[in-house]
Amino acid sequence: MSRIATDPDNAADQPPPGDDTAFFGQPRGLLTLSGLEVWERFSFLGMQAILVLFFADTVAHGGMGMDPGTAASVSAAYGTLVYLVSVAGGWLADRILGSYRAVLWGGILIACGHYSMAVPTATMTWVGLGLISAGTGLLKPNVATMVGKLYRTDDERRDAGFALYYMGINIGAFAGPLITGWLGDHKGWHWGFSAAAVGMTFGLIQYVAGRRHLAGRKATAEFRLPDDALRRAVRTIVIGAVVVAALAGLLAAVGWLTMDRFVDLLTIISVIAPVVYFVVMFRSPRVTTEERGRLKPYVVLFLASVAFNFILFQAYSTMMLLASTNARTEIFGFHFPASWYASALGAFEVALAPVVAAVWARMGPRQPHASNKIAIGVILGGLSFVLMVLPTSGHSGDSYLMSAWWIVGSYLLLGLGDILLETSGMSATTKLAPKAFANQTMSLWFLSLALANGIQAQTVKLYGEVSNPAYFGVNGAIAIAVGVAVIALAPWLRRTMHPVH
């Protein structure tokens, strides 16, 4: 019998056989990973839906007492930190932990962070956000990479599989704000954070229970460091973390490291990090000439992701603030918390993801090229903001209330765009990634989310300072222009993105 057949580590790292179609025609492991993401998104986006409202609420009502622009900026900075840490998460999975353990420990940190935020003190709120940032950085890039490992490169089920995986994500995105939003509105913000903690705990339980169906579950990292280098790396990480924490504490104590400066620092890092990362991969001797050629079109996809996610993340910041002050919270006589608008985005993605997956599966090799799917997604994201120009125009003051259907319609456009861009983008990333940087290249995709949040952290400061029509109109128009530019580059992208179709 061959070594491939008998080596458990080898078997654990190989895609399942092509006839594994137990989950809607997809590998059974997709159910496990989708289930994990249901609960991770339930906790993360459930908390995110109420976070900016918690920051902006008065201290007397249990909030942090920030003005709206600052609340949106701090919320965006938190998102920036989450995705910046994903770089370290990808490296730790590749070199030290392995994908399975990186995701497991990431989930544990996320759960601990949400439990910390359930404690009603400002200190525990910041501790919890730090733990969630670290945990999401470990979990998010590596679970997406594990989905990619369920398929061989030429498996045409891949895009449909990512669409189903993304549908699972959005079941959590739909349910999370409903539960946390109701608890935050009726019981208190920290009750909402408690629900997020319980959700992540459920996700960890089902992830461990379904481990045997996963590719990439072996105990060691795929590109594990030699023992001496591993010990040095761990020692450097621990010492570096202690030094950074001590320095940050000292600067904060003397009054230099203010919240505004911390937000600005994260924005600067979000710009520098992807530039450095691209340079390292382009120059690495472990990247072949063919792989280097595929990285060039990836830069275009990266920038498209930045443009779209700059709009998407404001569904949980400026759009939440707009909904809480200038939108009716009533549909067909039913009243609901403003945070429930965030569930509309998840609901549309749950409903539309299987439709998109079925269309791509039915079209097979005739489906649009991945770059065109991404471009259309960016354009739809821009249109979701341009739409908001209409209900926010022509008012003499800020006391107007728009119909709930305007925000629902905006989220419909945004949800469809998100499905097109994120599923195609993550799928393309797993195909274009240099083998030696597999998990880290997925981290690079998430760095586009960090950059989007970093830009947002500065831009949202203008919310409330300029008119709402100008704010939403200009930001939406920029995203549309980026989408059109990607379409214009389609011929070159089709030539250079092989094996992406």
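Fair warning: this is a prediction, and the values are worked out from it, not measured in the lab.

## So, the overall build of the protein chain
Along the protein chain, the regular secondary structure elements total 19 helices and two strands. With respect to the principal axes defined by its C-alpha atoms, the protein chain has extents near 75 × 55 × 40 Å. When burial is assessed residue by residue, the protein chain has 56% of its 501 residues classed as buried. Just so you have it, the protein chain exposes about 20200 Å², and 68% of that area is on carbon and sulfur atoms. Here the protein chain holds 34 positive side-chain charges and 28 negative ones, and the gap between their average locations is 8 Å.

## Thoughts on the nonpolar core
With 128 residues, the main nonpolar core has Met47, Tyr165, Tyr207, Tyr341, Ile407 and Tyr411 as its most contacted residues. Counting residues per element, this core draws most heavily on helix α3 (residues 29-56), which supplies 13 residues. Setting aside anything within four residues of it in sequence, one finds Tyr341 in contact with Met320, Ala323, Ala327, Arg328, Thr329, Phe336, Ala404, Ile407, Val408 and Tyr411. Within the second largest apolar cluster, 10 residues are counted, among which are Ile96, Leu138, Leu225 and Ala233.

## Here's the deal with the packing of aromatic side chains
Taken as a whole and assessed by the stated rule, the structure comprises 18 aromatic pairs. With a centroid separation of 5.4 Å and an interplanar angle of 80 degrees, the aromatic rings of Phe278 and Phe302 are classed as edge-to-face. A residue pair is termed long-range when its members are at least 10 positions apart, and Phe278 in helix α10 (residues 259-283) and Phe302 in helix α11 (residues 289-312) qualify at 24 residues. Like Phe302, Phe278 is buried. Site record: aromatic cluster; members linked through ring pairs are Phe54, Phe55, Trp126 and Phe193.

## Here's the deal with the pattern of salt bridges
Pairing is possible between side chains of opposite charge, provided their charged atoms come close. Summed over all chains, the structure comprises five salt bridges. We note a salt bridge from Glu40 to Lys140, for which the minimum N-O separation is 4.0 Å. Of this pair, Glu40 sits in helix α3 while Lys140 sits in helix α6 (residues 122-148), and the two are 100 residues apart along the sequence. A salt bridge links Glu290 to Arg294; the shortest N-O distance between them is 3.2 Å. Taken together, the residues span about one helical turn, with Glu290 and Arg294 both in helix α11 at a distance of four residues. With relative accessibility at 54%, the residue Glu290 sits in the exposed group.

Reading guide: rules and limits
Residues numbered from 1 in each chain as written. Predicted model: local features only at pLDDT ≥ 70, side-chain atom pairs only at ≥ 80, totals over all residues. Heavy atoms only, no water. Helix = DSSP H or I, 4+ residues; strand = E, 2+ residues; numbered from the N terminus. Buried < 20%, exposed > 50% of the residue type's maximum accessible area, 1.4 Å probe, protein only. Areas by Shrake-Rupley, 256 points an atom, 1.4 Å probe, with all protein chains shown as cover. Lys, Arg positive; Asp, Glu negative; His and termini not counted. Charge placed at Lys NZ, Arg CZ, Asp CG, Glu CD. Core = buried A, V, L, I, M, F, W, Y, C linked by side-chain atoms within 4.5 Å. Contact = heavy atoms within 4.5 Å. Phe/Tyr/Trp six-rings, centres within 6.5 Å; stacked < 30°, edge-to-face > 60°. Salt bridge = Lys/Arg side-chain N within 4 Å of Asp/Glu carboxyl O.

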